[in-house]
Amino acid sequence: MQAPSSPAAGQPRPSPALQSRARAGLPFRYKIALVWAAIFACIVAFLSLIRLDLGFIGEWWGFIVYGAGNPEAWTVGIVATVYISVASITLAILLAFLGALGRLSKTRSPMVWPPSMCRWCGARRC
């Protein structure tokens, strides 16, 4: 058996990270391009699966965008979207704060400690 080849005298050994990159195969840019191609293919497959009709969208785009044919009606949708978003973010911050307090708490308070138990919420790891 032959000994593993060593670098020539005076040359530093490449780091393990560089060695693993050299063995990785495809360059990083090609991997990114493949991921984007896969995402695009999944979107096209989904839209063809649901039989998206572009002619219907073109015919009814005014109703889809403005709703009920009133160009001023879009503001109602924007206000409702912002309201729901702010309410959801506020609730998420409150629940996260309770969970953080429960994790920091030394006592097992029934009001603060249970929300911190992420296993109850279905998470895999805490």
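Residues numbered from 1 in each chain as written. Predicted model: local features only at pLDDT ≥ 70, side-chain atom pairs only at ≥ 80, totals over all residues. Heavy atoms only, no water.

Colleague: Describe in detail the overall build of the protein chain, supporting the description with residues and values.
Modeller: Across its full length, the protein chain carries five helices and zero strands. In the protein chain, the order of α-helices and β-strands from amino to carboxyl end is α-α-α-α-α. Per-residue burial for the protein chain yields a buried fraction of 5% across its 126 residues. A total accessible area of about 11600 Å² is found for the protein chain, and carbon and sulfur atoms account for 70% of it. (Helix = DSSP H or I, 4+ residues; strand = E, 2+ residues; numbered from the N terminus. Buried < 20%, exposed > 50% of the residue type's maximum accessible area, 1.4 Å probe, protein only. Areas by Shrake-Rupley, 256 points an atom, 1.4 Å probe, with all protein chains shown as cover.)

Colleague: Quick one: what's the story with unusual backbone geometry, residue by residue and with numbers?
Modeller: Here Arg51, not a glycine, exhibits a phi torsion of approximately 55 degrees, which is positive. For Arg51, the location among the structural elements is in the loop between helix 2 (28-49) and helix 3 (54-59).

Colleague: Describe the packing of aromatic side chains, naming the residues involved and giving the relevant values.
Modeller: By the definition in use, this model includes one aromatic pair. Aromatic side chains Phe56 and Trp60 sit 6.3 Å apart centroid to centroid with 35 degrees between the ring planes, which places their arrangement in the tilted category. Using a relative accessible area of 42% as the deciding quantity, one classes Trp60 as partly exposed. (Phe/Tyr/Trp six-rings, centres within 6.5 Å; stacked < 30°, edge-to-face > 60°.)

Colleague: Which residues make up the confidence of the model for the protein chain, and what values go with them?
Modeller: Scored by pLDDT, the protein chain comes out at a mean of 75, with 61% of its residues at no less than 70. Model confidence for the protein chain, summarised as mean pLDDT per element, is weakest for helix 1 (residues 16-23) at 64 and strongest for helix 2 at 89. (pLDDT = per-residue confidence, 0-100.)

Colleague: So what's going on with helix 2? Residues and values would help.
Modeller: Over its 22 residues, helix 2 extends 31 Å from the first C-alpha to the last, a length consistent with the 32 Å expected when each residue adds 1.5 Å. Positive backbone phi, at 55 degrees, marks Arg51, one or two positions downstream of helix 2. (Expected span 1.5 Å × (residues − 1).)

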